[in-house]
Amino acid sequence: MGIGPARGGLAAAVASVDVGEEDRKPETEAETEPETETESETETEPEPESESETEPESEPESETETESESEAEPESEPESEPELQLRSSHLAPAVRQYVLQALLVGLAGCAGDARGAAVRTHVRDWRDQIVYQIVVDRFADGLAVPGEVTVPGDLRRWQGGDWRGIRENLDALRALGVTAIWISPVVRNAFDASGEDAYHGYWPSDWTEAEPRFGGEAELRALVDAAHAEGMLVLIDVVVNHAGPVFDYDLNADGRVEPHEVEPPFRADGPQPGTVVWRGARPRLWRPDGTVLELGEEHFHRRGRARLDDPVERVLGDFPHGLRDLATEREDVFEALVETTARWIERTDADGLRLDAVPHVEPAFWFRFATALRERLAAVGKERVLLVGEVFSYDPAELGRYTGPGALDAAIDVPGWRALFVDVLLGGGSPAAARRAIEAARAMARAEPQAGGAGVDAWHGRFVFAESHDVPRIRALLDDPFAVDLAMGALLALDGIPCLYYGTERDLRGHEAARLAQHASREPLWWAPARRESPTFVRIARLAALRRGSVALRRGTLRFVHAAEAGGRDLEATDAGLLAWERTATGQTVLVVLNAHDRRSSSARIRTSFEPGSRLRDLLDPHAPLVHVDRDGFVVVDRPPRSVAWLAP
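Caption draft 1: Region of interest: the environment of Leu-373. Following the sequence through the fold, Leu-373 ends up in helix α11 (residues 363-378). With 38 residues separating them in the primary sequence, Leu-373 and Glu-335 have C-alpha atoms 9.8 Å apart. Discounting residues that sit within four places of it in the chain, Leu-373 has contacts with Val-338, Thr-341, Ala-342, Leu-353 and Leu-387.

Dropping the structure here:
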C-alpha cells in the first residue's frame, strides 16, 4: 500500500496506530559523553580479532573491534568473575531468602530443572549491539508441533513458527549483521479468544511454563545457547501487567456468563460485583521460596474494561479482549513477578528484557521491580541485564517517568520513530522540526546509567526503530525500496541501539486487509524468498558491518550539523529535505547526510569538524567522488532524492 504526494494518507496511517495496544484490542477498533576511545580509522569491512582468550566472550564486539580500539578501552573488557560474597546485609530480603534456599537445598541442580545450567554476563557494552526483533510464530517453523497452525494464512491465528526455526536460521542473522535478537514472550498463553489466537505471546496464562507450541523450555534454552555461540545476545519480551482472557465476570453470581458480563465497563469504586468464572486452569507464578502461587480472583483488580486514554483506568482496568489486569501493588504478586522474571533469566541465560505495557502499571512498581530484579540476578552472577520498556507515547517526558533513578534502563523510542522516520523520511516533513524534537527529547533523558543496571544511560540505551510489530511496515506506508534504504541508513547511524524488524531484509510490505490492522505487519517470514543476495539484505548487511567496525557509529556523540526547514516535498529551497549529523568518538568522525526529498536532489554547504583539506569518501558507495573539506571546515554536499551517505576520511 503506497501513499500519494499529499501527506494525508501517511498521517492517517500513523494516526491509526493506537499507542502500541494492537494486541489488546478487538478487530473492530480499528547527551552524556561516551567513554574515551581511540580507533585508527573507519573500517569498511571490520576484521575479527584473534580468538586467543581462554574463555572468549560471546559478544559480537569482541569480533569487530580493531586492535587499536581494544587497547584504548581496557575498561570495556569483562572483569574476572567475582567470588560470591554472602553478605546478607547487602541483599534485599527476597534475595537473601533465595540465596540461602539455593545453598541449603541445591535448588539450582534439581533434576529436570533448566536452572541447573550456568548463567553468565555475556555483554560488554549495549551500545555495540544491533538488535533484530522476532515474532516467534512468524519467523520459521523448525518443529512439527500438534496444533501449531490453526488457520493457515490467517494472520490472526497461529502460523507455526518456533524457537528451533530461529535457531536453524542464526547463520542468516549473523550474515545480516545482527548481534542480538529480541524474541516475543516465551510463557504459555491463553487459548483462542473471539477468533484470534495468542500467537504474539501477550496473553499469558501460566508464567511457570514455556509455550509448548514453540517447543518447550529445552528448545528455548537451546536457542539462547546457540545464539551465544554465534556471538549474539538474547532479549526476552515479558508481560507483568496482565494475564490473558483467563476468566469471565459473573456479575450476578448465577454461574453463567452472559454476553454483557464478558467485558463490563470500568467500575471506578472497586471490583465488579459477583464473582468470576475461570476459563481453564488458573494462572501461576513462582514465589521466592520456589513454590507456585496459583492466582485467584483477589490477585486481579477486576474493574472491567478500561478506556486506555484515561490515566486511572489504564492502570487499574482490563485491556480490551478480556486481558485481566493484575493487582501488581499486592506484595505477594509483586514478589512473585520479580521471582518469576528472574527465574526465566536463570533458566535461559537471556541477556535482557523488553517489558510490555509499562504505562499500564503504577509507576512506583517499576522502581521497585527493577531494583529487586537487579539485586536478585546479581546474587547469581548475572549482570548488565538490559531492562527496556514499551512506553508507547509520542511524549518523551512520558518515557522519562519510567527511566528515572532506580527504574528501567531505557525505553523504546516511539517519539523518535514518529519525528524522524514517519514525519521526515517517509512523510516529507521538515528536517529542522525533527532536529528540534530529537534534541528536546535528548535533553529530557537521564544522563547516567542505572546503579547495578545495564551500564548504559537512557538515551544511548533506547531502542531506535523504523518498523516493529506495533506499527506499519515502511513498505506499507511508502512502497519504495529507496525509502527502505534511506530509513536503514538513518537507523544504523543513530546514537541509540538500532532495532531491525524481521522481514525488512526480505522486503515484506505488510498485509493490506483493513480487518487485519493490528496483525498486518506480522506476516510469516516464509512468505518472502530467502535471498542473501537481494539488494535490501546486502544493503542492511553493509550498513551493519560499517557500524560494527566504527567506534564513532557505535559509541560516539551525535551532533546535528544541518537540518533544512523545508521538507521533502518543497520545490523551492535548494536544501529541501536535507538532514545531516556527525557521530564522533576520539580520533574518529562520520558525517551522515540524508536527503528525504522524493523528487529531486538537494544540496547545502555544511560546517563540519573535519580538518581543512581532508578528503571524505562515501563509505556506502566506493564509486562516489570524494568530498573535499575547504579551508574553513565546510563541505558541499549534493544528494539525489531519497538517498543517504556516510562520509569519513
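Read on, since the account is not over.
Caption draft 2: The arrangement of the side chain of Glu-505 in detail. Relative to the assigned elements, Glu-505 resides in the loop between β14 (497-501) and α17 (535-548). One buried charged residue, Glu-505, forms no salt bridge at all, with the nearest opposite charge on Arg-506 at 4.8 Å. Here the side chain of Glu-505 touches Tyr-132 through a polar contact of 2.6 Å, side chain to side chain. For Glu-505, the side chain forms a polar contact with the main-chain nitrogen of Gly-503, separated by 3.1 Å. Setting aside chain neighbours within four positions, we find Glu-505 in contact with Tyr-132, Leu-176, Leu-525, Ser-534, Thr-536, Phe-537 and Ile-540.

Caption draft 3: How the structure looks around the environment of Arg-522. Looking at where Arg-522 falls in the secondary structure, it is placed in the loop between β14 and α17. Remark: the alpha-carbon pair of Arg-522 and His-511, spanning 11 residues in sequence, is separated by 8.1 Å. Within the structure, the side chain of Arg-522 is placed 3.0 Å from the side chain of Tyr-199, a separation counted as a polar contact.

Caption draft 4: Spatial organisation of the pairing of β14. Across the 5 residues of β14, 5 count as buried, placing the element largely inside the fold. Sheet topology note: the strand β1 (residues 131-134)/β14 ladder contains 3 bridges and is parallel. Following the sheet pairing, Tyr-132 is matched in β14 by Leu-500. As paired elements, strand β13 (residues 463-465) and β14 share 3 bridges and run parallel to each other. Across the sheet, the residue bridging to Phe-463 is Ile-497, located in β14.

Conventions we followed
- Residues numbered from 1 in each chain as written.
- Predicted model: local features only at pLDDT ≥ 70, side-chain atom pairs only at ≥ 80, totals over all residues.
- Heavy atoms only, no water.
- Helix = DSSP H or I, 4+ residues; strand = E, 2+ residues; numbered from the N terminus.
- Contact = heavy atoms within 4.5 Å.
- Buried < 20%, exposed > 50% of the residue type's maximum accessible area, 1.4 Å probe, protein only.
- Lys, Arg positive; Asp, Glu negative; His and termini not counted.
- Salt bridge = Lys/Arg side-chain N within 4 Å of Asp/Glu carboxyl O.
- Polar contact = N/O pair within 3.5 Å; in protein donor to acceptor, adjacent residues only side chain to side chain.
- Pairing = 2+ DSSP bridges.

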